[in-house]
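Descriptive structure summary
Each chain, letter by letter, is given below.
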Amino acid sequence: MRAMIVDDSRFMRTHLRQLLERIGVNCEEAGDGAAALAALRGHAEGFDFMLLDVNMPKMNGLECVKTLREAGLHPPMKVMMVTTESDNTCIDSALQYGADEFLMKPFTAESLREKLAMMGLQA
C-alpha cells in the first residue's frame, strides 16, 4: 500500500511514517495541502490513502480535500483527517468535502490501524 502524509509538523510526518512503515505501507510526505496536490498530480500510480492534517499554512486540510475531490484526483484514494480539531463544524465540513474518516491527535498505533481497517485498508 502507498500513503501520502500531509502535515506541517515534520515530527508528526515522521511519526506517522514510522507507524505506517512498520505495517508495510510505503509513504510520501508533503508539508501542506498545496504541496500534497502538486505531488498527487505528479504521481500517476496514485496512493491508497492520505493522512491529512486540518490546520496548515498555505492550504489547510479542508481546502485540500475539497480541491482533491472536486478535481477528481485519485478518486479511489481514501482520505483520513488527522487532527486536534474536535469542532463538529470542522468535522462536518471535512466529511461534506469528501474525507472518509477522522483520527484525533494524540493517537496510538492501534487506533491508527483501527481507523485504516474501518476504511477497508488492511496492511
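Above this note sits the structure.
Since we're looking at a predicted model, the values are computed, not measured. Chains are numbered independently. Their residues run from 1 in the order of the written sequence. Only residues with pLDDT of 70 or above have their local features reported here, since the model is predicted, and side-chain atom pairs are shown and tallied only from 80 upward, although totals for entire chains, interfaces and linings are computed over all residues. Values shown for side chains rest on all heavy atoms present in the structure; no hydrogens or waters enter the calculation.

This brings us to the pattern of salt bridges. We define a salt bridge as a side-chain nitrogen of Lys or Arg found within 4 Å of a carboxyl oxygen belonging to Asp or Glu. This model, assessed by the stated rule, comprises 10 salt bridges. The salt bridge partner of Glu29 is Arg13, with a shortest N-O separation of 3.1 Å. Of this pair, Glu29 sits in strand β2 (residues 26–30) while Arg13 sits in helix α1 (residues 10–22), and the two are 16 residues apart along the sequence. Exposure categories follow from relative accessible area, calculated using a 1.4 Å probe and restricted to protein chains: below 20% of the type maximum is buried, above 50% is exposed, and the middle band is partly exposed. When its relative accessible area of 10% is taken as the criterion, Arg13 is described as buried. Linking Lys105 and Asp53 is a salt bridge whose minimum nitrogen-to-oxygen distance equals 3.4 Å. Secondary structure follows DSSP: runs of H or I at least 4 residues long count as helices, runs of E at least 2 residues long count as strands, and numbering of each begins at the N terminus.

A separate point is the packing of aromatic side chains. Any aromatic ring pair is given by two values, namely how distant the centres are and how the planes are angled relative to each other. Aromatic pairing here means that ring centres of Phe, Tyr or Trp (its six-membered ring) are within 6.5 Å. Orientation follows from the plane angle: under 30 degrees is stacked, over 60 is edge-to-face, and everything else is tilted. Evaluated as defined, the whole model comprises 0 aromatic pairs. Any Lys NZ or Arg CZ found within 6 Å of a ring centre and within 35 degrees of that ring's normal is scored as a charge over the ring. The residue whose ring lies beneath Arg2 is Phe47, and the NZ or CZ to ring-centre distance is 4.4 Å.

Moving on, we come to the nonpolar core. Residues belong to a common nonpolar core when they are buried Ala, Val, Leu, Ile, Met, Phe, Trp, Tyr or Cys residues joined through side-chain atoms within 4.5 Å. Membership of the largest hydrophobic core comes to 26 residues, with the highest contact counts inside it found for Val6, Met50, Leu52, Val79 and Met81. Those elements that provide at least two residues to this core are β1 (2–6), α2 (33–41), β3 (49–52), α3 (61–71), β4 (78–83) and α4 (88–97). Ranked by size, the runner-up nonpolar core spans 18 residues in total, among them Ala3, Met12, Met80 and Leu103.

For β4, the buried fraction is high: 5 of the 6 residues fall into the buried class. The pairing of β3 with β4 spans 4 bridges and is parallel. Each bridged residue has a counterpart across the sheet, and for Phe49 the counterpart in β4 is Lys78. Whether a crossover is right-handed depends on one test, that the path from the first strand over the helix to the second runs clockwise when the strands point away from the viewer. In this region the chain leaves β4, passes through α4 and returns to the parallel neighbour strand β5 (residues 101–104); the handedness of that crossover is right-handed. Pairing between two strands requires that DSSP report at least two bridges joining them.

Two elements in contact, α2 and α3, have axes whose closest approach is 9 Å; the angle formed by their N-to-C orientations is 25 degrees. Considering the angle they form, α2 stands roughly parallel to α3. For the pair α2 and α3, the sense of crossing is right-handed. Seen from α2, the contacting residues are Gly33, Ala36, Leu37, Leu40 and Arg41; seen from α3, they are Cys64, Thr67 and Leu68. Residues are grouped as follows: Ala, Val, Leu, Ile, Met, Phe, Trp, Tyr, Cys and Pro are nonpolar; Asp, Glu, Lys and Arg are charged; all remaining types, including Gly, are polar. Here the contact of α2 with α3 is built from residues that sort into 5 nonpolar, 2 polar and 1 charged. The axes are straight lines fitted to the C-alpha atoms, using for helices just the contacting stretch, and the angles between their N-to-C directions are given from 0 to 180°. Orientation is classified from the angle alone, with under 35 degrees giving roughly parallel, over 145 giving roughly antiparallel, 65 to 115 giving roughly perpendicular, and any other angle giving oblique. Working rule for handedness: look at the near helix, and if it is turned counterclockwise from the far one by less than a right angle, call the crossing left-handed; if clockwise, right-handed. Contacts are residue-level and defined by heavy atoms, with any inter-residue pair within 4.5 Å sufficient.

What follows is about the sheet that holds β4. The parallel open sheet is built from 5 strands, whose spatial order is β2-β1-β3-β4-β5. Strand pairing shows two members of the sheet lacking a second neighbour, β2 and β5, which therefore form its edges. For this sheet, the mean inter-axis angle between neighbouring strands, taken without regard to orientation, is 20 degrees. As paired strands, β4 and β5 are joined by 4 bridges and run parallel to one another. The partner of Met81 across the bridge, within β5, is Phe102. Strand contacts of α3: β3 and β4, with the helix running at about 175 degrees to β4, the strand carrying the most contacts.

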